[in-house]
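# Chains, contacts and geometry: an overview
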Amino acid sequence: MTAPPLKIRVPLSREDVERLKAGDVVHLTGTLITGRDAAHKRMVELLERGEKLPVDLKGQVIYYVGPSPAKPGEVIGSAGPTTSSRMDKYSPRLIAEGLTGMIGKGYRSDAVVQAMKKHRCVYMGAVGGAAALIAKSIKKSEVLAWEDLGTEAIRRMEVEDFPAIVIIDADGNDLYKIGREKYKRTA
Amino acid sequence: MAIREIEAGKITEAVRKMVIEANTDIGEDILGAFEKAKQTEESPLALSIIDQIEENAGIAAREKMPYCQDTGFACFLVEVGQEAHITGAGLEDAINEGVRRGYKEGYLRASILNDPIERKNTKDNTPAHIHMEMVPGDRIHIKFSAKGGGSENMSQLKMLKPSDGLEGVKEFVVKVASEAGPNACPPLIVCVGIGGTFDRSAFLAKKGIFREAGKPNPNPFYADLEQELLRKINDLGIGPQGLGGRTTALAVHVEVFPCHIASLPVAVNIQCHAHRHREVTL
(Lines give C-alpha, C1' and ligand atoms only; values in the text may rest on other atoms or scores of the structure.)
Protein backbone atom coordinates (compact mmCIF):
# COMPACT_ATOMS: atom_id res chain seq x y z
CA MET A 1 0.00 0.00 0.00
CA THR A 2 1.06 3.58 -0.62
CA ALA A 3 0.86 6.24 2.09
CA PRO A 4 -2.39 8.25 2.06
CA PRO A 5 -2.08 11.44 -0.06
CA LEU A 6 -0.81 14.60 1.61
CA LYS A 7 -3.48 17.30 1.55
CA ILE A 8 -1.84 20.39 0.10
CA ARG A 9 -3.22 23.90 -0.60
CA VAL A 10 -2.52 25.61 -3.91
CA PRO A 11 -1.03 28.10 -4.60
CA LEU A 12 1.75 26.48 -2.56
CA SER A 13 3.03 28.06 0.63
CA ARG A 14 6.81 28.61 0.89
CA GLU A 15 6.89 25.87 3.54
CA ASP A 16 5.17 23.36 1.25
CA VAL A 17 7.55 24.14 -1.62
CA GLU A 18 10.44 23.17 0.68
CA ARG A 19 8.62 20.30 2.38
CA LEU A 20 7.41 18.39 -0.69
CA LYS A 21 9.79 15.64 -1.79
CA ALA A 22 10.02 13.54 -4.96
CA GLY A 23 7.67 10.57 -4.55
CA ASP A 24 5.10 12.33 -2.34
CA VAL A 25 1.54 11.55 -3.37
CA VAL A 26 -0.57 14.69 -2.98
CA HIS A 27 -4.15 15.93 -3.23
CA LEU A 28 -4.22 19.59 -4.21
CA THR A 29 -7.01 21.95 -3.18
CA GLY A 30 -7.28 25.60 -4.17
CA THR A 31 -6.48 27.46 -7.38
CA LEU A 32 -4.41 26.44 -10.42
CA ILE A 33 -3.56 28.40 -13.56
CA THR A 34 -3.50 26.50 -16.84
CA GLY A 35 -1.42 26.94 -19.97
CA ARG A 36 0.25 24.81 -22.62
CA ASP A 37 2.26 25.25 -25.85
CA ALA A 38 0.66 28.29 -27.49
CA ALA A 39 0.12 30.22 -24.22
CA HIS A 40 3.72 29.59 -23.13
CA LYS A 41 5.01 30.90 -26.44
CA ARG A 42 2.93 34.08 -26.11
CA MET A 43 3.87 34.65 -22.46
CA VAL A 44 7.59 34.46 -23.13
CA GLU A 45 7.27 36.67 -26.23
CA LEU A 46 5.55 39.33 -24.09
CA LEU A 47 8.24 39.12 -21.41
CA GLU A 48 10.98 39.41 -24.03
CA ARG A 49 9.36 42.60 -25.30
CA GLY A 50 9.29 43.91 -21.73
CA GLU A 51 5.48 43.79 -21.60
CA LYS A 52 3.21 42.64 -18.78
CA LEU A 53 1.64 39.19 -18.68
CA PRO A 54 -2.18 38.97 -18.63
CA VAL A 55 -1.83 36.84 -15.47
CA ASP A 56 0.53 37.42 -12.54
CA LEU A 57 2.49 34.17 -12.18
CA LYS A 58 4.06 35.08 -8.86
CA GLY A 59 3.48 32.24 -6.42
CA GLN A 60 1.18 30.36 -8.84
CA VAL A 61 1.06 26.71 -9.84
CA ILE A 62 0.58 26.09 -13.57
CA TYR A 63 -1.14 23.00 -14.98
CA TYR A 64 -0.29 21.93 -18.53
CA VAL A 65 -3.69 20.98 -19.90
CA GLY A 66 -5.84 21.41 -22.97
CA PRO A 67 -9.24 20.17 -21.81
CA SER A 68 -11.86 18.60 -24.05
CA PRO A 69 -15.05 20.71 -24.42
CA ALA A 70 -17.45 20.86 -21.46
CA LYS A 71 -20.86 19.31 -22.02
CA PRO A 72 -23.84 21.57 -21.20
CA GLY A 73 -24.10 21.96 -17.42
CA GLU A 74 -20.60 20.59 -16.79
CA VAL A 75 -17.65 22.58 -15.42
CA ILE A 76 -15.17 21.11 -17.87
CA GLY A 77 -14.56 18.15 -20.18
CA SER A 78 -11.81 15.62 -19.65
CA ALA A 79 -8.68 17.34 -18.42
CA GLY A 80 -5.52 15.28 -18.00
CA PRO A 81 -1.94 16.55 -18.25
CA THR A 82 -0.03 17.06 -21.49
CA THR A 83 3.70 16.38 -22.05
CA SER A 84 5.78 18.93 -20.14
CA SER A 85 8.95 18.81 -22.23
CA ARG A 86 7.31 20.95 -24.89
CA MET A 87 7.21 23.74 -22.30
CA ASP A 88 10.91 23.33 -21.38
CA LYS A 89 12.02 26.05 -23.76
CA TYR A 90 9.83 28.58 -21.92
CA SER A 91 9.69 27.30 -18.33
CA PRO A 92 12.96 28.73 -16.94
CA ARG A 93 11.76 32.24 -17.86
CA LEU A 94 8.36 31.66 -16.21
CA ILE A 95 9.94 30.12 -13.10
CA ALA A 96 12.09 33.27 -12.81
CA GLU A 97 8.82 35.19 -13.08
CA GLY A 98 7.63 33.49 -9.87
CA LEU A 99 6.01 30.11 -10.59
CA THR A 100 6.30 27.84 -7.55
CA GLY A 101 4.81 24.74 -9.10
CA MET A 102 4.18 23.02 -12.44
CA ILE A 103 1.94 20.04 -13.18
CA GLY A 104 2.29 17.90 -16.29
CA LYS A 105 3.75 14.59 -17.33
CA GLY A 106 7.16 13.47 -18.53
CA TYR A 107 10.78 14.53 -18.40
CA ARG A 108 12.07 18.08 -17.76
CA SER A 109 15.31 19.49 -19.17
CA ASP A 110 18.38 20.24 -17.06
CA ALA A 111 17.80 23.96 -17.61
CA VAL A 112 14.31 23.67 -16.08
CA VAL A 113 15.60 21.71 -13.07
CA GLN A 114 18.37 24.29 -12.52
CA ALA A 115 15.79 27.10 -12.58
CA MET A 116 13.58 25.13 -10.15
CA LYS A 117 16.45 24.75 -7.69
CA LYS A 118 17.51 28.36 -7.98
CA HIS A 119 14.04 29.93 -7.65
CA ARG A 120 12.45 27.14 -5.55
CA CYS A 121 9.77 25.44 -7.63
CA VAL A 122 8.22 21.94 -7.57
CA TYR A 123 7.29 19.75 -10.57
CA MET A 124 4.34 17.45 -10.09
CA GLY A 125 2.91 14.76 -12.34
CA ALA A 126 -0.75 14.00 -12.87
CA VAL A 127 -1.67 10.65 -14.40
CA GLY A 128 -1.63 11.04 -18.17
CA GLY A 129 -4.75 9.53 -19.66
CA ALA A 130 -6.74 9.68 -16.41
CA ALA A 131 -8.52 12.70 -17.81
CA ALA A 132 -12.11 11.89 -16.84
CA LEU A 133 -11.06 11.07 -13.28
CA ILE A 134 -9.04 14.29 -12.93
CA ALA A 135 -11.97 16.34 -14.29
CA LYS A 136 -13.96 15.27 -11.21
CA SER A 137 -11.59 17.27 -9.00
CA ILE A 138 -12.08 20.48 -11.01
CA LYS A 139 -14.92 22.43 -9.44
CA LYS A 140 -14.74 25.67 -11.42
CA SER A 141 -12.98 26.81 -14.56
CA GLU A 142 -12.86 30.21 -16.24
CA VAL A 143 -10.81 31.58 -19.11
CA LEU A 144 -8.42 34.28 -17.83
CA ALA A 145 -6.73 35.19 -21.09
CA TRP A 146 -6.41 34.42 -24.78
CA GLU A 147 -9.77 32.85 -25.44
CA ASP A 148 -8.75 32.77 -29.12
CA LEU A 149 -6.41 29.89 -28.27
CA GLY A 150 -9.44 27.66 -27.57
CA THR A 151 -8.39 24.59 -25.59
CA GLU A 152 -4.95 26.22 -25.18
CA ALA A 153 -6.28 29.41 -23.48
CA ILE A 154 -5.08 30.38 -19.99
CA ARG A 155 -7.64 29.31 -17.40
CA ARG A 156 -8.08 29.63 -13.65
CA MET A 157 -9.30 26.39 -12.11
CA GLU A 158 -10.61 25.73 -8.65
CA VAL A 159 -9.68 22.22 -7.64
CA GLU A 160 -10.52 19.91 -4.76
CA ASP A 161 -8.31 16.92 -4.03
CA PHE A 162 -6.67 17.08 -7.44
CA PRO A 163 -4.51 13.89 -7.56
CA ALA A 164 -0.80 14.40 -8.28
CA ILE A 165 2.65 13.04 -7.44
CA VAL A 166 5.77 15.09 -6.76
CA ILE A 167 8.20 14.14 -9.55
CA ILE A 168 11.02 16.66 -9.10
CA ASP A 169 11.33 18.59 -5.85
CA ALA A 170 12.93 22.00 -5.32
CA ASP A 171 16.24 20.29 -4.52
CA GLY A 172 16.25 18.51 -7.88
CA ASN A 173 15.49 14.95 -6.68
CA ASP A 174 13.81 13.13 -9.58
CA LEU A 175 11.29 10.32 -9.06
CA TYR A 176 11.64 9.23 -12.72
CA LYS A 177 15.28 8.35 -12.04
CA ILE A 178 14.75 6.91 -8.55
CA GLY A 179 11.73 4.77 -9.53
CA ARG A 180 13.22 3.40 -12.72
CA GLU A 181 16.49 2.46 -11.02
CA LYS A 182 14.57 0.54 -8.37
CA TYR A 183 12.58 -1.68 -10.77
CA LYS A 184 15.15 -2.08 -13.55
CA ARG A 185 16.39 -5.61 -14.30
CA THR A 186 19.50 -6.32 -16.26
CA ALA A 187 19.78 -9.54 -18.21
CA MET B 1 -19.18 -10.79 -58.57
CA ALA B 2 -21.74 -8.02 -59.00
CA ILE B 3 -21.07 -4.45 -57.93
CA ARG B 4 -22.54 -3.68 -54.54
CA GLU B 5 -23.64 -0.14 -53.75
CA ILE B 6 -22.88 1.48 -50.40
CA GLU B 7 -24.45 4.81 -49.56
CA ALA B 8 -21.89 7.40 -48.34
CA GLY B 9 -24.28 8.48 -45.59
CA LYS B 10 -23.98 5.01 -44.04
CA ILE B 11 -20.21 5.41 -43.90
CA THR B 12 -20.55 8.84 -42.27
CA GLU B 13 -22.96 7.48 -39.67
CA ALA B 14 -20.77 4.47 -38.88
CA VAL B 15 -17.74 6.74 -38.44
CA ARG B 16 -19.65 9.23 -36.28
CA LYS B 17 -20.66 6.41 -33.96
CA MET B 18 -17.28 4.72 -33.76
CA VAL B 19 -15.26 7.86 -33.00
CA ILE B 20 -17.48 8.60 -30.00
CA GLU B 21 -17.47 5.01 -28.76
CA ALA B 22 -13.74 4.51 -29.11
CA ASN B 23 -12.94 7.73 -27.27
CA THR B 24 -15.23 7.10 -24.32
CA ASP B 25 -15.30 3.33 -23.90
CA ILE B 26 -11.84 1.81 -23.80
CA GLY B 27 -11.97 -1.75 -25.09
CA GLU B 28 -12.00 -5.03 -23.21
CA ASP B 29 -8.52 -5.72 -24.59
CA ILE B 30 -7.00 -2.87 -22.58
CA LEU B 31 -9.07 -3.55 -19.46
CA GLY B 32 -7.93 -7.19 -19.62
CA ALA B 33 -4.31 -6.09 -20.05
CA PHE B 34 -4.57 -3.89 -16.92
CA GLU B 35 -5.89 -6.82 -14.87
CA LYS B 36 -3.07 -9.02 -16.15
CA ALA B 37 -0.46 -6.34 -15.37
CA LYS B 38 -1.70 -6.14 -11.77
CA GLN B 39 -0.72 -9.80 -11.29
CA THR B 40 2.95 -9.08 -12.05
CA GLU B 41 3.40 -5.47 -10.93
CA GLU B 42 5.60 -5.11 -7.83
CA SER B 43 5.53 -1.38 -7.15
CA PRO B 44 2.75 -0.19 -4.81
CA LEU B 45 2.76 3.24 -6.47
CA ALA B 46 2.51 1.61 -9.92
CA LEU B 47 -0.45 -0.47 -8.72
CA SER B 48 -2.18 2.67 -7.46
CA ILE B 49 -1.61 4.31 -10.87
CA ILE B 50 -3.21 1.34 -12.64
CA ASP B 51 -6.14 1.60 -10.22
CA GLN B 52 -6.54 5.29 -11.12
CA ILE B 53 -6.45 4.50 -14.82
CA GLU B 54 -9.08 1.77 -14.37
CA GLU B 55 -11.27 4.13 -12.35
CA ASN B 56 -10.85 6.68 -15.14
CA ALA B 57 -11.99 4.10 -17.70
CA GLY B 58 -15.11 3.43 -15.65
CA ILE B 59 -16.02 7.13 -15.32
CA ALA B 60 -15.40 7.74 -19.03
CA ALA B 61 -17.62 4.82 -20.12
CA ARG B 62 -20.44 5.58 -17.65
CA GLU B 63 -20.56 9.31 -18.25
CA LYS B 64 -19.63 9.22 -21.95
CA MET B 65 -16.62 11.41 -21.28
CA PRO B 66 -13.37 11.15 -23.22
CA TYR B 67 -10.97 8.65 -21.58
CA CYS B 68 -8.21 11.17 -22.37
CA GLN B 69 -8.65 14.86 -23.21
CA ASP B 70 -6.37 14.30 -26.19
CA THR B 71 -8.96 12.61 -28.35
CA GLY B 72 -6.34 12.18 -30.98
CA PHE B 73 -5.67 12.39 -34.65
CA ALA B 74 -8.53 10.42 -36.21
CA CYS B 75 -6.64 7.61 -37.97
CA PHE B 76 -8.38 5.23 -40.37
CA LEU B 77 -7.34 2.07 -42.11
CA VAL B 78 -9.94 1.38 -44.78
CA GLU B 79 -10.14 -1.83 -46.78
CA VAL B 80 -12.26 -1.22 -49.84
CA GLY B 81 -13.59 -4.25 -51.65
CA GLN B 82 -13.02 -3.83 -55.36
CA GLU B 83 -16.67 -4.74 -56.06
CA ALA B 84 -17.98 -2.04 -53.71
CA HIS B 85 -19.34 1.17 -55.22
CA ILE B 86 -19.85 4.19 -52.98
CA THR B 87 -22.74 6.45 -53.91
CA GLY B 88 -23.69 9.98 -52.86
CA ALA B 89 -20.25 11.32 -51.88
CA GLY B 90 -16.56 10.51 -52.01
CA LEU B 91 -15.24 7.99 -49.49
CA GLU B 92 -12.78 10.44 -47.90
CA ASP B 93 -15.46 13.13 -47.64
CA ALA B 94 -17.86 10.65 -46.05
CA ILE B 95 -15.27 9.68 -43.43
CA ASN B 96 -14.31 13.29 -42.69
CA GLU B 97 -17.98 14.20 -42.28
CA GLY B 98 -18.34 11.38 -39.75
CA VAL B 99 -15.32 12.69 -37.84
CA ARG B 100 -16.71 16.24 -37.93
CA ARG B 101 -20.08 15.12 -36.53
CA GLY B 102 -18.70 12.63 -34.01
CA TYR B 103 -16.13 14.98 -32.50
CA LYS B 104 -18.73 17.75 -32.17
CA GLU B 105 -21.59 15.64 -30.82
CA GLY B 106 -19.31 13.66 -28.52
CA TYR B 107 -17.68 16.78 -27.04
CA LEU B 108 -14.32 15.44 -28.18
CA ARG B 109 -11.37 17.81 -28.45
CA ALA B 110 -10.42 19.29 -31.80
CA SER B 111 -6.63 18.91 -31.99
CA ILE B 112 -5.88 19.26 -35.69
CA LEU B 113 -4.16 22.32 -37.15
CA ASN B 114 -4.61 23.58 -40.74
CA ASP B 115 -0.89 23.74 -41.44
CA PRO B 116 2.21 22.60 -39.52
CA ILE B 117 3.76 26.08 -39.58
CA GLU B 118 0.75 28.42 -39.59
CA ARG B 119 -0.89 26.26 -36.84
CA LYS B 120 -4.55 27.33 -36.86
CA ASN B 121 -7.02 24.88 -35.36
CA THR B 122 -9.54 23.53 -37.92
CA LYS B 123 -11.98 23.26 -34.96
CA ASP B 124 -13.63 19.98 -36.03
CA ASN B 125 -10.66 17.59 -35.84
CA THR B 126 -10.57 17.16 -39.62
CA PRO B 127 -8.93 16.18 -41.79
CA ALA B 128 -8.69 12.58 -40.65
CA HIS B 129 -5.59 10.56 -41.50
CA ILE B 130 -6.93 7.94 -43.89
CA HIS B 131 -5.09 5.00 -45.35
CA MET B 132 -6.89 2.96 -48.00
CA GLU B 133 -6.21 -0.47 -49.37
CA MET B 134 -8.04 -2.20 -52.21
CA VAL B 135 -9.05 -5.78 -51.32
CA PRO B 136 -11.15 -8.52 -52.96
CA GLY B 137 -14.88 -8.58 -52.19
CA ASP B 138 -17.78 -6.11 -52.09
CA ARG B 139 -17.53 -4.83 -48.52
CA ILE B 140 -15.85 -1.86 -46.90
CA HIS B 141 -14.02 -2.56 -43.67
CA ILE B 142 -13.22 0.57 -41.64
CA LYS B 143 -10.77 0.51 -38.74
CA PHE B 144 -10.49 3.60 -36.54
CA SER B 145 -7.95 4.55 -33.92
CA ALA B 146 -7.73 7.85 -32.00
CA LYS B 147 -3.99 8.53 -31.82
CA GLY B 148 -2.70 10.81 -29.08
CA GLY B 149 0.01 13.35 -29.82
CA GLY B 150 2.17 12.77 -26.74
CA SER B 151 2.92 9.17 -27.60
CA GLU B 152 3.15 9.86 -31.34
CA ASN B 153 5.94 12.36 -30.60
CA MET B 154 8.07 9.63 -29.01
CA SER B 155 8.01 7.46 -32.15
CA GLN B 156 11.17 6.87 -34.21
CA LEU B 157 12.37 5.30 -37.45
CA LYS B 158 15.80 4.02 -38.39
CA MET B 159 17.27 2.58 -41.57
CA LEU B 160 19.42 -0.20 -40.08
CA LYS B 161 22.14 -1.98 -42.02
CA PRO B 162 21.30 -5.57 -42.96
CA SER B 163 24.39 -6.57 -40.93
CA ASP B 164 22.71 -5.13 -37.81
CA GLY B 165 20.31 -8.08 -38.10
CA LEU B 166 17.70 -9.17 -35.60
CA GLU B 167 19.84 -8.02 -32.66
CA GLY B 168 20.00 -4.53 -34.16
CA VAL B 169 16.22 -4.50 -34.51
CA LYS B 170 15.70 -5.53 -30.88
CA GLU B 171 18.21 -2.98 -29.64
CA PHE B 172 16.52 -0.16 -31.55
CA VAL B 173 12.99 -1.04 -30.39
CA VAL B 174 14.06 -1.20 -26.73
CA LYS B 175 15.99 2.08 -27.11
CA VAL B 176 12.89 3.85 -28.48
CA ALA B 177 10.71 2.56 -25.61
CA SER B 178 13.42 3.60 -23.15
CA GLU B 179 13.65 7.12 -24.53
CA ALA B 180 9.85 7.45 -24.61
CA GLY B 181 9.95 6.93 -20.84
CA PRO B 182 7.24 8.81 -18.96
CA ASN B 183 6.45 11.19 -21.85
CA ALA B 184 4.35 8.73 -23.81
CA CYS B 185 1.98 7.79 -20.94
CA PRO B 186 3.06 4.24 -20.16
CA PRO B 187 1.95 1.48 -19.93
CA LEU B 188 2.48 1.49 -23.67
CA ILE B 189 1.57 -0.54 -26.70
CA VAL B 190 4.82 -0.60 -28.69
CA CYS B 191 4.00 -0.90 -32.38
CA VAL B 192 6.87 -2.02 -34.60
CA GLY B 193 7.21 -2.13 -38.38
CA ILE B 194 10.13 -4.07 -39.86
CA GLY B 195 11.03 -4.11 -43.54
CA GLY B 196 9.55 -2.55 -46.66
CA THR B 197 10.76 0.92 -47.60
CA PHE B 198 11.32 4.02 -45.43
CA ASP B 199 7.61 4.94 -45.53
CA ARG B 200 6.31 1.37 -45.55
CA SER B 201 8.03 0.57 -42.25
CA ALA B 202 6.29 3.54 -40.61
CA PHE B 203 2.96 2.38 -42.01
CA LEU B 204 3.58 -1.17 -40.75
CA ALA B 205 4.23 0.24 -37.27
CA LYS B 206 1.08 2.37 -37.52
CA LYS B 207 -0.97 -0.75 -38.28
CA GLY B 208 -0.29 -1.83 -34.70
CA ILE B 209 -2.58 0.89 -33.31
CA PHE B 210 -5.56 -0.81 -34.96
CA ARG B 211 -4.79 -4.25 -33.52
CA GLU B 212 -6.45 -5.68 -30.43
CA ALA B 213 -3.93 -5.20 -27.60
CA GLY B 214 -1.71 -8.24 -27.25
CA LYS B 215 -3.17 -10.21 -30.17
CA PRO B 216 -0.08 -12.04 -31.47
CA ASN B 217 1.39 -11.79 -34.96
CA PRO B 218 0.11 -14.87 -36.89
CA ASN B 219 3.71 -15.87 -37.73
CA PRO B 220 5.07 -17.79 -34.67
CA PHE B 221 8.57 -16.36 -35.18
CA TYR B 222 7.28 -12.79 -34.89
CA ALA B 223 4.84 -13.73 -32.11
CA ASP B 224 7.90 -14.93 -30.13
CA LEU B 225 9.76 -11.74 -31.00
CA GLU B 226 6.81 -9.71 -29.65
CA GLN B 227 7.02 -11.57 -26.33
CA GLU B 228 10.79 -11.20 -26.10
CA LEU B 229 10.61 -7.46 -26.81
CA LEU B 230 7.84 -7.08 -24.23
CA ARG B 231 10.03 -8.73 -21.56
CA LYS B 232 13.00 -6.57 -22.46
CA ILE B 233 10.93 -3.36 -22.39
CA ASN B 234 9.38 -4.26 -19.04
CA ASP B 235 12.87 -4.94 -17.65
CA LEU B 236 13.64 -1.24 -18.20
CA GLY B 237 11.77 -0.53 -14.95
CA ILE B 238 10.05 2.60 -16.31
CA GLY B 239 6.63 1.46 -15.11
CA PRO B 240 3.20 3.09 -15.35
CA GLN B 241 3.62 6.85 -15.92
CA GLY B 242 7.38 6.35 -15.62
CA LEU B 243 7.32 6.29 -11.81
CA GLY B 244 9.06 2.93 -11.64
CA GLY B 245 7.58 -0.54 -11.96
CA ARG B 246 7.31 -3.73 -13.96
CA THR B 247 4.58 -2.55 -16.34
CA THR B 248 6.19 -0.32 -18.96
CA ALA B 249 4.34 -1.92 -21.87
CA LEU B 250 1.14 -3.96 -22.09
CA ALA B 251 1.95 -5.38 -25.52
CA VAL B 252 4.30 -5.26 -28.49
CA HIS B 253 2.78 -5.47 -31.98
CA VAL B 254 5.12 -6.40 -34.82
CA GLU B 255 4.26 -6.16 -38.54
CA VAL B 256 6.69 -7.06 -41.33
CA PHE B 257 7.05 -6.73 -45.11
CA PRO B 258 9.71 -7.88 -47.64
CA CYS B 259 12.54 -5.45 -48.17
CA HIS B 260 15.45 -4.49 -50.46
CA ILE B 261 18.81 -6.34 -50.32
CA ALA B 262 20.48 -3.15 -49.05
CA SER B 263 17.90 -2.26 -46.39
CA LEU B 264 16.58 -3.09 -42.95
CA PRO B 265 14.12 -0.34 -42.04
CA VAL B 266 12.62 -0.37 -38.52
CA ALA B 267 9.91 1.97 -37.32
CA VAL B 268 8.47 2.19 -33.82
CA ASN B 269 5.12 3.90 -33.35
CA ILE B 270 4.53 4.41 -29.66
CA GLN B 271 0.94 4.07 -28.44
CA CYS B 272 -0.17 5.14 -24.94
CA HIS B 273 -2.50 3.13 -22.69
CA ALA B 274 -5.38 5.05 -24.31
CA HIS B 275 -5.41 2.43 -27.08
CA ARG B 276 -8.77 3.55 -28.47
CA HIS B 277 -9.86 1.62 -31.54
CA ARG B 278 -12.99 0.27 -33.20
CA GLU B 279 -13.84 -1.38 -36.50
CA VAL B 280 -16.88 -1.92 -38.61
CA THR B 281 -17.77 -3.73 -41.84
CA LEU B 282 -20.30 -2.21 -44.24
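As the structure is a prediction and not an experimental result, all values here were calculated from the model. (Residues numbered from 1 in each chain as written. Chains lettered and ligands numbered in written order. Predicted model: local features only at pLDDT ≥ 70, side-chain atom pairs only at ≥ 80, totals over all residues.)

The number of helices and strands found in chain B is eight helices and ten strands. Whereas a compact globule of 282 residues would reach a radius of gyration of roughly 19 Å, chain B reaches 19 Å, a difference of no more than 12%. Along the longest, intermediate and shortest principal axes, the C-alpha atoms of chain B span 55 × 50 × 40 Å. Put simply, chain B has 282 residues, and 48% of those count as buried. A sequence separation of at least 24 residues applies to 81% of the contacts in chain B between residues at least 6 apart. (Helix = DSSP H or I, 4+ residues; strand = E, 2+ residues; numbered from the N terminus. Rg over C-alpha atoms; globule rule 2.2 N^0.38 Å. Buried ≥ 20, exposed ≤ 12 C-beta atoms within 10 Å, placed from the backbone. Contact = placed C-beta atoms within 7 Å.)

This part is about the overall build of chain A. When helices and strands are counted, chain A shows six helices and seven strands. Structurally, chain A occupies a C-alpha span of about 50 × 40 × 35 Å along its principal axes. Burial statistics for chain A: of 187 residues in total, 50% are counted as buried. Sequence-distant contacts, at least 24 apart, represent 61% of the contacts inside chain A between residues at least 6 apart.

The subject of this paragraph is the sheet that holds strand E9 (residues 264-271) of chain B. All names here are of chain B. Across the sheet, which stays open at both edges, the four strands sit in the order E6-E9-E7-E8 with mixed pairing between neighbours. Because the sheet does not close on itself, it has two edges, and the strands there are strand E6 (156-160) and strand E8 (249-257). Taking each pair of neighbouring strands and ignoring which way they run, the sheet shows an average axis angle of 15°. Strand direction decides the pairing type here: strand E7 (residues 188-195) and E8, joined by eight bridges, are parallel. Bridge pairing in E8 places glycine 195 opposite phenylalanine 257. (Pairing = 2+ DSSP bridges. Axes fitted to C-alpha atoms, helices over the stretch in contact; angles between N-to-C directions.)

Right, let's get into helix H7 (residues 198-207) of chain B. Turning to H7 of chain B, its buried residues number three or more, namely Ser201, Leu204, Ala205 and Lys206 of chain B. In this structure, the buried side of H7 of chain B is in contact with E6, E7, E8 and E9 of chain B.

The next subject is the nonpolar core. Side chains of nonpolar character tend, in soluble globular proteins, to be buried together. In this structure, Leu188, Val190 and Val192 of chain B are the most contacted members of the largest nonpolar core, which totals 108 residues. The greatest single-element share of this core, amounting to nine residues, is contributed by strand E7 (residues 154-168) of chain A. Apart from residues no more than four positions distant in its own chain, leucine 188 of chain B is found in contact with Ala177, Ala180, Thr248, Ala249, Leu250, Ile270, Gln271 and Cys272 of chain B. Counting 24 residues, the second-largest nonpolar core is a separate cluster that includes Ala14, Ala74, Leu77 and Ile140 of chain B. (Core = buried A, V, L, I, M, F, W, Y, C linked by C-beta atoms within 7 Å.)

Okay, helix H3 (residues 44-63) of chain B next. Over its 20 residues, H3 of chain B extends 29 Å from the first C-alpha to the last, a length consistent with the 28 Å expected when each residue adds 1.5 Å. Every buried residue belonging to H3 of chain B is among Leu45, Ala46, Ile49, Ile50, Ile53, Asn56, Ala57 and Ala60 of chain B, and all of these are buried. Mapping the buried residues of H3 of chain B onto a view down its axis gives an arc of 145°, with all of them on the same face. Looking at H3 of chain B, the residues exposed on the side facing more than 90 degrees away from the buried face are Pro44, Asp51 and Arg62 of chain B. Those residues of H3 of chain B hidden inside the fold are in contact with helix H5 (131-135) of chain A together with helix H1 (8-24) and helix H2 (28-40) of chain B. Looking at the residues trailing H3 of chain B, positive phi occurs at lysine 64 of chain B, about 55°. (Expected span 1.5 Å × (residues − 1). Arc of directions from axis to C-beta.)

Moving on to the sheet that holds strand E10 (residues 276-281) of chain B. All names here are of chain B. Read from one edge to the other, the open sheet built from four strands follows the order E4-E2-E5-E10, with strand pairing classed as mixed. If you trace the sheet from one side to the other, it starts and ends with strand E4 (129-135) and E10, each paired once. Within the sheet, the average angular offset between the axes of one strand and its neighbour, ignoring direction, is 15°. Of the pairings in the sheet, the one linking strand E2 (residues 73-81) to E4 comprises seven bridges and is parallel in character. From the neighbouring strand, valine 78 faces E4, where its bridge partner is methionine 132.

This part is about the environment of isoleucine 189 of chain B. Residue and element names in this part refer to chain B. Topologically, isoleucine 189 is positioned in strand E7. Taking the C-alpha atoms as reference points, isoleucine 189 and isoleucine 270, separated by 81 residues in sequence, lie 6.5 Å from one another. Sequence-distant contacts of isoleucine 189, defined by excluding residues within four places in its chain, comprise Gly208, Ala213, Ala249, Leu250, Ala251, His253, Gln271 and His275.

Another point: the interface of chain B and chain A. Taken together, the 43 residues of chain B in the interface contact 42 residues of chain A. A per-element tally of the side of chain B that touches chain A places H3 of chain B first, with eleven residues. Split into classes, the residues belonging to the side of chain B that touches chain A amount to 19 nonpolar, 18 polar and six charged. (Nonpolar A, V, L, I, M, F, W, Y, C, P; charged D, E, K, R; others polar.)

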